[in-house]
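Summary of the model geometry
Spelled out from the first residue to the last, the chains are:
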Amino acid sequence: MLFLRSLLYMLWLIVTVVPYAVMVLVVSIFVRGAPLYWLCVGWIRIALFGARWICGIRERVQGLENLPDGPCILLSKHQSAWETLALPKIMPRPLSFVFKRELLFVPFFGWALGRLDMVHIDRSKRAEAWAKVAEQGRRFMEQGCWVIMFPEGTRTPRGSQGTYKSGGTRLAVTTGVPVVPIAVTSARCWPRQAFIKRPGTIDVSIGKPIPSAGRNADELMREVEAWIEAEMRRLDPATIDARAALNALPPLIKGYLRLGGFVGDGAVLDHQFNTTD
């Protein structure tokens, strides 16, 4: 049943994104900036509507009152593609994502994405990439956008923690704007690189803005990391504890578990602790 629902949802995304992307490409000839962004959010609402009614994936958001009135940089936990869809719908301002330029080559979706005010970088050219983030990030914030970055750089399995990189806090210190940490439990229903989607509730918790003035970028990122990971432990405690227990097993035992398909990139955790609350 989960397979069929997930397949139906994949078809829903394909059937809706193609005509919508074509419409966006045509409209972008005449309209750019915020109006085009909110037009694209219309498709995101369609995509999340399908996730709710086909796959049973709901959301629960807390901390909206913490969002500032002025410019800021959002620094979010990254577990799946879900938050890249949901956060633009949740946030009251246009978001400028910082992402690898390869996404621009995804048919239809990437083509439409390239017409928006986003920062797409070549990660193989670090110095050039940072200069582009600093220049475009500042410009987009001056235009009323919020910049959003995923400090871990890639999607992480449920219950795990990646290496937090300080690019987002470096931009905050450079521009003098606060950072807003965000915790997301999306892998509970939508694990990374997984076709099967599971019904349940994804929690999004938005922290209070952290000023960047006079701060060291690495020190500021450690504060962001501490808040996000503490919030993840509060929102999804069973999975965190289970992964810690698995990591404590001798390598030989973990090897047998992986060979048997019981452990692998969070699969056992997603099975054992999937919730529908």
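The preceding data block contains the structure.
As a starting point, this report considers the structure included with it. (Residues numbered from 1 in each chain as written. Predicted model: local features only at pLDDT ≥ 70, side-chain atom pairs only at ≥ 80, totals over all residues. Heavy atoms only, no water.)

1. Regarding the sheet that holds strand 5 (residues 146-149)
Just so we agree on the cut-off: At least two bridges found by DSSP between two strands are what make those strands a pair. Strands are runs of DSSP state E lasting at least 2 residues, helices are runs of H or I lasting at least 4, and numbering of each runs from the N terminus. Axis definition: a line fit to C-alpha positions, over the contact stretch in the case of helices; interaxial angles, taken between N-to-C directions, run 0 to 180 degrees. In this analysis, two residues are considered to be in contact whenever any of their non-hydrogen atoms come within 4.5 Å of each other.
Across the sheet, seven strands lie side by side as 1-7-6-2-5-3-4; this open sheet has mixed pairing. Strand pairing shows two members of the sheet lacking a second neighbour, strand 1 (57-62) and strand 4 (119-121), which therefore form its edges. Taking each pair of neighbouring strands and ignoring which way they run, the sheet shows an average axis angle of 20 degrees. In terms of strand pairing, strand 2 (residues 73-76) meets strand 6 (residues 179-184) through four bridges, oriented parallel. Residue pairing for strand 6: Ser76 is matched across the bridge by Ile182. With respect to the sheet, helix 3 (residues 82-90) is in contact with strand 1, strand 2, strand 3 (95-100), strand 5, strand 6 and strand 7 (200-206), its orientation differing from that of strand 1 by roughly 55 degrees. Running over the sheet, helix 5 (residues 126-142) touches strand 2, strand 3, strand 4 and strand 5 and is turned about 175 degrees from strand 4.

2. Focus on the packing of helix 6 (residues 167-175) against helix 7 (residues 217-235)
Helices that pack against each other are described as a pair by the angle of their axes relative to one another and the distance between those axes. Rules: Should an angle fall under 35 degrees it is taken as roughly parallel, and over 145 as roughly antiparallel, whereas 65 to 115 is taken as roughly perpendicular and any remaining angle as oblique. Take the far helix as the reference: if the near one is turned anticlockwise from it by less than a right angle, the crossing is left-handed, and if turned clockwise, right-handed.
Close contact between helix 6 and helix 7 brings their axes to 8 Å; oriented N to C, the two are set at 125 degrees. Between helix 6 and helix 7, the angle is such that the two are oblique. Note on packing geometry: the crossing formed by helix 6 with helix 7 is right-handed. Contacts between helix 6 and helix 7 involve Thr169, Arg170 and Val173 from the former and Ala217, Leu220, Met221 and Val224 from the latter.

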